[in-house]
Amino acid sequence: MKTRLMNDTFRLLHEEWSPIAGIVLDVPYHDLNRLASVLEPHQLAPRRETVLLALFALLHMARERHRDCSFQDPDLTRRILDGDYLYSLYLQMAVKYRETGLVSHLAPVLKRQQIAFAEGRGIDEDLTVHFETFLCGEYKQKTDRESDIGEGIRMKLHEALNLDIRRINREIENIVKFDPDLPRSSVVAKSVLELIRSGGKRLRPLMVMVGARFGPKPTERKQWQLAAAAEFIHAASLVHDDVIDRSDLRRGQPAMHLKTGVSEAVHIGSYMSLRIVELLSQYAADQERYVHDLSSIATTQLCLGEYQQMAHAFDYDQTLEEYLEKSRNKTALLMATCLRTGALSSGCDPQSAELLYEFGECLGMYFQIRDDLLDFTEDEKTLGKPAGSDLRHGQVTLPVFFALKDPALSPAIRSIGPDSPDAEVDRVLEAIRQSGALEQAETFSRSYLERAEAIIVQLGGFPAHKDLNTLLEYFFGRLAICALPLLTSVSIMLKAKNEARGTAPFFSSKKGQGLELNLLPIFDLFDSRLPRLSNTNGHGFRYRSN
């Protein structure tokens, strides 16, 4: 039986989950053999035996890939991504084969292990024992508790959406504070709470709550918990991203791995992911399986995006399609999933929920391209990380993609490699800024906003479509709003020059059309060193204040 079972298991992993089959085959034979012995007396259906053994293999290897990480490990990036990917595939397989009860049973076990590893303790619970306990039906569901925690971080977007950001922050912190397995004084609890309180736009939880307004059911604690889970998943990905990118800063503060150590930070990020699996397991009914999209499919796509980024490091022949797919996986799909999950959780019809998913994907793609542009236009203090870090790490973002089409500039960009000195990278960054590539990327990003606007029209029958307009204005208007102080301060200086040249006025207003800002004189003032944000009939970027 054991040989047949293991052969069937490897066949299942290879045929249905081929991207990770090679990793899982590294599971020690004696571990799988031991689990096969555990399964034997329960006389399960052959298919279920195969699925359970495959799930065990995924979990075992995910845990092992995250063991004892350090910057001295030449395979560090691959190990982190492998572990994240295996955990998310484990959850996908469990949901697909209706083993969500196993997820809720094992999530606390796996989470406790990550806490122990992060704190340097040797606790390592035997997964096979917990599998057997599950099979015997001896497990209990965890209960959740209310709490009242401080205000957290206030944001302008939540006010426009009329959402209580304090409630969201409270729920996010509750995920940590009311984990029965996590002491309040532990390095894990302190590190996660510090990360949560360090800032962040809270875009993803706000999107969950906006999505929930498209269903007939009233907003309940479930939606707030899903919103908190979305931010927790995003925050966990940031911990691992900083290790992978060897980034020293996060939101202007030292990254977590500098405070705790690399291995500890990896385990803390894994703890965060597993804690979410534990919480979302309470929504395991078939009609609520979409909830698992947050912690399985969306997380899988995040990992795939990182794999793609790693595979295309310093790949100057990367295609536009490859860049867009990576951006979609890394950023857009989690935002899309947030809107759809919120909508379905409140009883929204599937067709409208899919439109919301597409709307979120459009905003996410625009957001990623804008983030790529900010890497060229903002300084380290504003970004919270070194400016130009994308190019230094070999990431071919959309501005670089367009700059590579310039025959005079392409050789200089292609000369940048992992060992290029900072001075050389800085020269190439400046050349890209001067090339017009930023303007091309900005123009390209507008196509996603146009599609998002069309979706709002399709959802016009819902009162909540106004919230989509608010999101769209926030994404579209961020840069213009930030630029207003600069525009005001130089407007007097430009007035005489504009009148003498007969150019369009710096500020103009037309009835019903709001305020138009003509940025062309600014580019003249600074000898064209600032990139134009777009071409609109030759007058630069226009922002309508209404």
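A quick note: this is a predicted structure, and the numbers were derived from the prediction, not measured. (Residues numbered from 1 in each chain as written. Predicted model: local features only at pLDDT ≥ 70, side-chain atom pairs only at ≥ 80, totals over all residues. Heavy atoms only, no water.)

A. Structural context of the overall build of the protein chain. When helices and strands are counted, the protein chain shows 25 helices and four strands. Long-range pairs, those at least 24 residues apart, make up 73% of the contacts in the protein chain between residues at least 6 apart in sequence. A total of about 23,200 Å² of accessible surface is found on the protein chain, and carbon and sulfur atoms cover 51% of it. (Helix = DSSP H or I, 4+ residues; strand = E, 2+ residues; numbered from the N terminus. Contact = heavy atoms within 4.5 Å. Areas by Shrake-Rupley, 256 points an atom, 1.4 Å probe, with all protein chains shown as cover.)

B. The packing of helix 17 (residues 350–377) against helix 23 (residues 437–458), seen in detail. Running from N to C, helix 17 and helix 23 cross one another at 160 degrees; their axes reach a closest spacing of 9 Å. What the angle tells us is that helix 17 and helix 23 run roughly antiparallel. For the crossing formed where helix 17 meets helix 23, the hand is left-handed. Facing L355, E358, F359, C362, L363, M365, Y366, I369, R370, L373, F376 and T377 of helix 17, the residues of helix 23 in contact are L438, A441, E442, F444, S445, Y448, L449, R451, A452, I455, I456 and Q458. Tallied by class, residues from the contact of helix 17 with helix 23 come to 17 nonpolar, three polar and four charged. (Axes fitted to C-alpha atoms, helices over the stretch in contact; angles between N-to-C directions. Parallel < 35°, antiparallel > 145°, perpendicular 65-115°, else oblique. Left-handed = near helix turned anticlockwise from the far one by under 90°. Nonpolar A, V, L, I, M, F, W, Y, C, P; charged D, E, K, R; others polar.)

C. Structural context of helix 6 (residues 100–118). The first and last C-alpha atoms of helix 6 sit 27 Å apart over 19 residues, in line with the 27 Å expected at 1.5 Å per residue. Helix geometry: helix 6 is bent most strongly at L106, by close to 35 degrees, with proline P108 lying one to four residues after it. For helix 6, a buried count of 17 out of 19 residues is recorded, marking the element as mostly surrounded by other parts of the structure. Count one or two residues on from helix 6 and you reach G120, which has phi positive near 75 degrees. (Expected span 1.5 Å × (residues − 1). Bend = angle between axes of the 7 residues up to and from the residue. Buried < 20%, exposed > 50% of the residue type's maximum accessible area, 1.4 Å probe, protein only.)

D. Seen up close, the pattern of salt bridges. Following the criterion strictly, the structure yields 33 salt bridges and no others. Between R63 and E64 there is a salt bridge whose closest N-O contact spans 3.6 Å. A salt bridge links R392 to D422; the nearest nitrogen and oxygen atoms lie 3.4 Å apart. Linking R392 in helix 19 (residues 389–392) with D422 in helix 22 (residues 422–434), this pair joins segments that are 30 residues apart in sequence. Several salt bridges share partner residues, and in doing so they unite K111, R112, D179, D181, R275 and E278 into one network. (Salt bridge = Lys/Arg side-chain N within 4 Å of Asp/Glu carboxyl O.)

Taken by themselves, the reported measurements are silent on function.
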